[in-house]
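Close look at the chain arrangement
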Amino acid sequence: MHWETAHEYEDIRYEKASGIAKITINRPEVRNAFRPKTVSELIDAFNRVRDDSEVGVVILTGEGDLAFCSGGDQRVRGHGGYVGDDEIPRLNVLDLQRQIRMLPKAVIAAVAGYAIGGGHVLHLVCDLTIAAENARFGQTGPRVGSFDAGYGTGILARTIGMKRAKEIWFLCRQYDAHEAYDMGLVNKVVPVDRLQEEAVLWAQEILEKSPMAIRFLKASFNVDTDGLAGLQQMAGDATMMFYMTEEAREGKNAFLEKRQPDFSKFPRLP
Ligand code: 1HA
């Protein structure tokens with residue numbers, strides 16, 4: 001796989017190859033913890049992915065073998081959030097979580113080493129997770145004075161069940177890759193040196209499938225959890241498809257041609 005840099009950032013790498021985007025959190029000195037700038041760059045990269053019709057699947061990963069992401073950078077945690085150069089305290093990773101879920105393309109987390117705290121929630125909101133043998137999963141919030149009681153708890157409970165989700169949050173233990181697999185928290189466990197290759201294989205298999213079908217399926221998995229916002233996403237996809245039909249075009253054309261629309265030739269299917 002020949003990865004080409006698609007945009008330059010400071011805290012992350014954004015590369016592309018053959019329809020796949022790879023986004024790498026690149027702060028190995030802090031186990032790939034994120035500061036506000038890291039999250040802003042991730043949001044920017046995911047926006048680029050959304051607009052790039054060449055890209056069908058994203059792999060989200062961390063630099064090195066020691067960590068996928070260790071959550072918020074505790075060194076810059078201030079009063080009310082994580083503080084960047086603009087001195088505004090932010091919890092902007094919550095925006096990123098929503099963005100990953102709403103992206104109409106599959107996102108695969110490739111996890112080597114720690115996926116901890118806010119880093120654990122990041123893999124959780126990805127559509128699929130491939131774990132290296134050395135991966136370790138867990139939440140730390142109640143130990144370090146934090147909690148993510150949004151997707152961090154709700155999606156965890158939906159993924160592995162209520163009892164295990166409460167165990168993870170209340171006890172703050174760490175779980176190895178095989179325990180995570182047994183819980184249904186990850187899709188596959190592979191040797192560390194095969195992680196990136198395996199993620200690419202999964203991405204390629206998805207790329208062979210219908211983009212529209214994947215788009216609708218992804219939206220459908222979120223629709224009940226996300227309530228009206230989830231429905232809005234799915235309904236927007238339906239509108240997009242409707243715009244592509246002759247029936248919808250007849251409505252637009254009639255308006256522009258200042259005539260009554262003629263919908264009589266369009267079937268009312270059962
Ligand atoms: O809960 C939220 C949110 C909730 C709602 C809304 C938004 C949220 C946003 C974020 C978060 C959170 O992420 S809270 C949870 C924050 N993260 C943690 O509690 C994990 C902290 N790190 C660790 O437990 C461990 O470092 C580790 C299990 C990931 C790795 O352990 P290891 O391999 O023994 O390495 P360690 O020596 O601990 O770490 C290596 C270096 O990385 C250390 O720096 P050094 O002493 O070399 O200068 C360490 O301080 C640094 N480091 C690791 N994680 C972080 C970190 N520095 C800052 N922030 C970190 N998260």
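About the criteria used
Residues numbered from 1 in each chain as written. Predicted model: local features only at pLDDT ≥ 70, side-chain atom pairs only at ≥ 80, totals over all residues. Heavy atoms only, no water. UniProt positions renumbered as here; feature names shortened; annotations may be inferred. Polar contact = N/O pair within 3.5 Å; in protein donor to acceptor, adjacent residues only side chain to side chain. Helix = DSSP H or I, 4+ residues; strand = E, 2+ residues; numbered from the N terminus. Buried < 20%, exposed > 50% of the residue type's maximum accessible area, 1.4 Å probe, protein only. Contact = heavy atoms within 4.5 Å. Arc of directions from axis to C-beta. Pairing = 2+ DSSP bridges. Axes fitted to C-alpha atoms, helices over the stretch in contact; angles between N-to-C directions. Phe/Tyr/Trp six-rings, centres within 6.5 Å; stacked < 30°, edge-to-face > 60°. Parallel < 35°, antiparallel > 145°, perpendicular 65-115°, else oblique. Left-handed = near helix turned anticlockwise from the far one by under 90°. Nonpolar A, V, L, I, M, F, W, Y, C, P; charged D, E, K, R; others polar. Near = heavy atom within 4 Å. Areas by Shrake-Rupley, 256 points an atom, 1.4 Å probe, with all protein chains shown as cover.

This part is about the UniProt feature "binding site: hydrogencarbonate" (unreviewed entry) in the protein. Per the UniProt record, "binding site: hydrogencarbonate" (unreviewed entry) is found at Gln139, Thr140 and Gly141. A polar contact is formed between the side chain of Gln139 and the backbone oxygen of Gly117, at a distance of 3.2 Å. By secondary structure assignment, the location of Thr140 is in the loop between strand S12 (136-138) and helix H4 (141-144). Taking the relative accessible area as the measure of exposure, Thr140 reaches 15% and is therefore buried. Beyond its immediate stretch of four places on either side in the chain, Thr140 contacts Ile116, Gly117 and Cys172.

Right, let's talk about helix H6 (residues 162-171) for a bit. All of the buried residues in H6 are Ala165, Ile168 and Trp169. Buried residues in H6, looked at end-on, bunch into an arc of 90°, giving them a common side. Exposed side chains of H6 directed beyond 90 degrees from the buried face belong to Lys163 and Phe170. On its buried face, H6 sits against H4, helix H5 (151-160), strand S13 (175-176) and helix H7 (177-183).

Okay, the sheet that holds strand S2 (residues 12-17) next. On the basis of which strands lie adjacent, the open sheet formed by seven strands has the order S1-S2-S3-S4-S9-S11-S14 and mixed pairing. Taken across any chain shown, the strands that pair with only one partner, and hence form the sheet edges, are strand S1 (4-7) and strand S14 (188-190). Strand-to-strand, the axes of this sheet are offset by a mean angle of 25°, without reference to chain direction. Across six bridges, S2 lies against strand S3 (residues 20-25) in antiparallel orientation. Across the sheet, Ala17 pairs through a bridge with Ile20, a residue of S3.

Inspection of the secondary structure assignment puts Glu15 in strand S2. Classification of Glu15 by relative accessible area gives buried; the value is 12%. Setting aside anything within four residues of it in sequence, one finds Glu15 in contact with Trp3, Glu4, Thr5, Ala6, Ile20, Ala21, Lys22 and Thr24.

Residue position: Pro261 is located in the segment after helix H11 (246-256). A sequence separation of 193 residues divides Pro261 from Phe68, and the C-alpha atoms of the two residues are 55 Å apart. The residues touching Pro261, leaving out its near neighbours within four places in the chain, are Glu250 and Ala254.

With that settled, the discussion passes to the packing of aromatic side chains. Geometry of an aromatic ring pair is reported as the spacing of the ring centres plus the angle between the planes. In the structure shown here, the tally under the stated rule is one aromatic pair. Between Phe263 and Phe266 the ring centres are 6.4 Å apart and the planes differ by 55°, which places this aromatic pair in the tilted class. For Phe263, a relative accessible area of 39% translates into the label partly exposed. In this structure Phe266 comes out as buried when scored by relative accessible area, which is 12%.

For the rest of this paragraph, the subject is the side chain of His120. When you line up the elements, His120 lands in helix H3 (residues 118-125). Relative accessible area serves as the criterion here: at 0%, His120 is assigned to the buried category. In this view, His120 contacts Ala115, Phe137, Gly138, Gln139, Leu156 and Leu185; residues no more than four positions away in its chain are not counted.

Direction vectors running N to C along H3 and H5 enclose 50°, while the axes themselves pass 10 Å from each other. In terms of orientation, H3 and H5 fall into the oblique class. As for the relative orientation of H3 and H5, their crossing is left-handed in sense. Taking contact as the criterion, the partners of His120, Val121, Leu124 and Val125 in H3 are, on H5, Tyr151, Gly152, Ile155, Leu156 and Thr159. Among the residues making up the contact of H3 with H5, the classes are represented as six nonpolar, three polar and no charged.

Our next topic: the environment of Val30. Residue placement: Val30 occurs in the loop between S3 and helix H1 (36-51). Overall, Val30 belongs to the buried group, its relative accessible area being 15%. Expressed as a C-alpha distance, the spacing of Val30 and Ala67, which sit 37 residues apart in the sequence, is 9.0 Å.

Every one of the 24 residues lining the ligand counts as a neighbour, but Ser70, Gly72, Gly118, Thr140 and Ser146 are closest to it. One of the side-chain N or O atoms of Thr140 is found 2.7 Å from an oxygen atom in the ligand. Relative to its unbound accessible area of 1100 Å², the ligand is 67% covered by the protein chains. Those elements giving two or more residues to the shell around the ligand turn out to be helix H2 (93-102) and strand S10 (114-116). Looking at the shell around the ligand, its residues break down into eleven nonpolar, nine polar and four charged.

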